[in-house]
Amino acid sequence: MKLRNTVLIWVIVLLMPVGSLAEPSLKKEARHTAAIAALPEVLQQISRPGSFSGWQPKAIQTQGAISNEQIRKEWVQGIYNWLCYQQNSLTGLVESFDASKDPYLKDQAATYDQALAGMAFLLMGDTKRAQKILDFYQSKWEGKGFYNFYSTLNGRVGLEWRRHVGPNMWLAMLAYQYTHITKDKTYLSLAEGLCDWVISLPHYNGGVAMSDVDEPNIPWREIVSSENVIDVVATLQMALEFVDDYRKEVFYRKELEENQKFLKEIAVQPSGVVMRGYRPFIDGLDKVAALDTTTWLIGTYLPENIFSEFGVSTDKMLAAAEKTFGINLRQGRGYDYTSKEEADKAKRDRICSLEWSAEMAQVYWLILSSSSNIFVLKEEYQEKLTQVLRGIDSFMQQADGRISYPYASVSFQKTFSDGWFTPHSTTKGTQAGSVASTCWRFFSDLWNPLRLDQPQESSDFQLQINPYQEPKLEKMKRAQYKPSALTSEGLTTAAWLNLNKGYHKKAKQLALQCIHLYSKQALEEQALKASNGGLVRAKSATEKVKQRIFSYPSLNDVAACWMILSKTEPALEEQAKSKVLRKYSLAQVWDPRGFFWSVAAAFEQ
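Reading the values: the criteria
- Residues numbered from 1 in each chain as written.
- Predicted model: local features only at pLDDT ≥ 70, side-chain atom pairs only at ≥ 80, totals over all residues.
- Heavy atoms only, no water.
- 1 Å grid on protein atoms, 1.4 Å probe; cavity = no way out; pocket = protein on both sides within 12 Å on 5 of 7 lines; lining within 4 Å.
- Points joined across faces, edges and corners; volume = space filled by probe spheres on them.
- Helix = DSSP H or I, 4+ residues; strand = E, 2+ residues; numbered from the N terminus.
- Nonpolar A, V, L, I, M, F, W, Y, C, P; charged D, E, K, R; others polar.
- pLDDT = per-residue confidence, 0-100.
- Contact = heavy atoms within 4.5 Å.
- Salt bridge = Lys/Arg side-chain N within 4 Å of Asp/Glu carboxyl O.
- Buried < 20%, exposed > 50% of the residue type's maximum accessible area, 1.4 Å probe, protein only.
- Core = buried A, V, L, I, M, F, W, Y, C linked by side-chain atoms within 4.5 Å.
- Pairing = 2+ DSSP bridges.
- Disulfide = S-S within 2.5 Å.

### Re empty space enclosed by the protein
Phase 1: Approximately 280 Å³ is the volume found for the largest cavity.
Phase 2: Contributing to the lining of the largest cavity are 22 residues, with Q108, V157, T487, S488 and P553 lying nearest its centre.
Phase 3: Counting residues per element, the ones that place at least two in the lining of the largest cavity are helix 17 (488-500), helix 18 (504-531) and helix 20 (553-568).
Phase 4: Looking at the lining of the largest cavity, the element that brings in the most residues is helix 20, giving three residues.
Phase 5: Taken together, the residues of the lining of the largest cavity break down into eight nonpolar, nine polar and five charged.

What follows is the structure in structure tokens.
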């Protein structure tokens, strides 16, 4: 269950769990094309088990001048180029969505997406780019989980200041996969710290709660997500391969058993459906089904072990998922986020999740790759894999040597009735590229990120990728570290500059735009800051103090914009003062001279 993004409509993504570095001069708009030798049509022939022998491409001739191996290499190179293009060279964060016109998603990096991108870089042999991601989070570590989103531009907390278990476990999995592949133990302490934090959270029927912090209307500490629990199980299975302290090993095994108990007794139903979660103090079992709980469960335990663990065969579990979520596409097959009943409840037609469809494709690939003789109908699964990959690849987007996949088949549609929306389209009306969808399509017939089973040695699997060259683009990226025009920070900074230059009309326009876009988020940050102790008081603005205050960006910027409005027109002063004192009293603004000041206190004086 992707509860990490499910309550407020303005939260557009995902674990889970997505903003643009696009510039018109670069012609970065996503578009469907057959530029790489009719790639979408050919991919269906090569994207099957057997295309790789071990971890080395196997050349199988196709009709035409280009072999499967060559096409596959160009496809992987295109995905690599796109991920590099999305990565900010200063913060190391990878922008989750490409070219969406939604201002909330611009320059946003979902923690879940960072884990996937880091794993993709590892598989492609570019460990330095994976290190950049891990270095960012290591520098932010304070003994608690990380937030769901960060800004790619400055590393501050992004559009979601929640910290959920799922994204943090995926980050820990990245650290363990990095250690397993490179034999470098630099990030083991980070992974163990995340495991220790999760173990400290509340548990219900063995399953860990979603967070250590509640929101005013959302008791995250009292909600158990099946998806998050599966993430914990997958992570602890990896952790036990590296832990060298006996007491900690016992500690981890006990936690693993408790979460497995939750999956067996609560989440997995006799019908083969895996429920989204459990809300002990609300209504008990969350009876809405979600596809990723099924695919990740199978990926974590492996198809041949599902029956012995849960008393339900993998075939039955997949049949239930296919019946509940399967949809026919113009080319091939795909999978919706929800059942038809839930889609009707959300008042929408069926849509295809590219990410979740790729996860389903990987389950088929795992079955076909299994040496177990329990899967007697492998030919049927081969056909299903082909149909799903054909459906996914029909949405492939290519531009300037970069390849990506959108988050869903339709822009700005609600997923679950109580859930998030898919991203807006681009300014050209096409789909916004998604890190999650692109990485899962890359993994789907190559590698299982939920296990450490393979590869054993880096030399056995790393794909040969040409280093990404961006001499002209790099200069443009550095220029983009100035606040983006549509972020709260960018609007507020521009409003201050215009006010200081005497352009009051422009300053008022920018301040009102910031208030209109971010006031709702500012109110929620005010409530969260109040629950975390209120104003941050310190004698000096250390880096730690700065980060604490900057973690409420919309609150600070909206209050500052009310102050700017009061300066543009004297008639607005009382209204602005009333708004700030009643709603945004905890806002604090950084002064370039080296200190923070309270907006409410400034109005009172």
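### Side note on the confidence of the model for the chain
Phase 1: Averaged over every residue, the pLDDT of the chain is 82; the share at 70 or more is 83%.
Phase 2: Averaged pLDDT values for the elements of the chain fall to 28 in strand 1 (residues 52-53) and rise to 98 in helix 7 (residues 226-239).
Phase 3: Counting contacts from residues 1-67, a segment whose pLDDT is below 50, to residues more than four positions away or on other chains yields 238 contacts.
Phase 4: Residue range residues 471-483 is modelled with pLDDT below 50. Its contacts to residues more than four positions away, or to other chains, number 25 contacts.

### A short note on the pattern of salt bridges
Phase 1: Applying the stated criterion to the full structure yields 19 salt bridges.
Phase 2: A salt bridge links E322 to K384; its shortest N-O distance comes to 3.2 Å. Linking E322 in helix 11 (residues 314-325) with K384 in helix 14 (residues 378-393), this pair joins segments that are 62 residues apart in sequence.
Phase 3: On the basis of relative accessibility, which here comes to 14%, the residue E322 falls in the buried class.
Phase 4: With its nearest N and O atoms 2.7 Å apart, the salt bridge here joins R350 to D336. With a gap of 14 residues between them, R350 in the loop between helix 12 (340-345) and helix 13 (354-369) and D336 in the loop between strand 12 (333-335) and helix 12 connect regions that are remote in the sequence.

### Section: the nonpolar core
Phase 1: Residues Y137, W170, L263, L297, F442 and F443 are the most contacted members of the largest nonpolar core, which totals 172 residues.
Phase 2: In terms of nonpolar packing, the next biggest core, distinct from the first, is built from five residues, V545, I549, F550 and F596 among them.

### Regarding the sheet that holds strand 13 (residues 397-399)
Hydrogen bonding along the main chain pairs the strands of a sheet, whether they run parallel or antiparallel.
Phase 1: Read from one edge of the open sheet, four strands run 3-15-14-13, paired in antiparallel fashion. Across the chains shown, the open sheet's two edge strands, defined by having one partner strand only, are strand 3 (97-98) and strand 13.

### Describing the layout of surface pockets
Phase 1: Here the largest pocket defines a volume of roughly 670 Å³.
Phase 2: What lines the largest pocket is a set of 22 residues, among which E142, Y147, R163, Q547 and R548 lie closest to the centre.
Phase 3: Among the secondary structure elements, those contributing two or more residues to the lining of the largest pocket are helix 4 (127-140) and helix 19 (543-550).
Phase 4: A per-class count over the lining of the largest pocket returns eight nonpolar, six polar and eight charged.
Phase 5: Put simply, the second largest pocket is a space of about 530 Å³.
Phase 6: Forming the boundary of the second largest pocket are 21 residues, of which T493, W496, D557, V589 and W590 lie nearest the centre.
Phase 7: Per-element tally for the lining of the second largest pocket: the top contributor is helix 17, with six residues.
Phase 8: A per-class count over the lining of the second largest pocket returns 12 nonpolar, five polar and four charged.

### Re unusual backbone geometry
Phase 1: Residues other than glycine seldom take positive phi values, yet N205 does so here, at roughly 55°.
Phase 2: One non-glycine residue with positive phi stands out, namely F412, at about 45°.
Phase 3: Residue classification places F412 among the partly exposed positions, given a relative accessible area of 34%.

### Digging into the state of the cysteines
Phase 1: Summed over all chains, the structure comprises zero disulfides.
Phase 2: C514 provides the cysteine sulfur closest to C561, a residue in no disulfide bond, and the two sulfurs are 3.7 Å apart.

### Details of the pairing of strand 14 (residues 402-406)
Phase 1: Of all five residues that make up strand 14, five are buried, and the element is covered over most of its length.
Phase 2: Alternating positions in strand 14 separate into two faces, R402, S404 and P406 on one and I403 and Y405 on the other, with burial throughout.
Phase 3: When strand 13 meets strand 14, the two strands line up antiparallel, connected through three bridges. Residue pairing across strands places A399 opposite R402, the latter belonging to strand 14.
Phase 4: Adjacent in sequence and paired antiparallel, strand 13 and strand 14 are bridged by two residues, among which D400 carries a positive phi angle near 55°.
Phase 5: In terms of strand pairing, strand 14 meets strand 15 (residues 433-434) through two bridges, oriented antiparallel. From the neighbouring strand, Y405 faces strand 15, where its bridge partner is S434.

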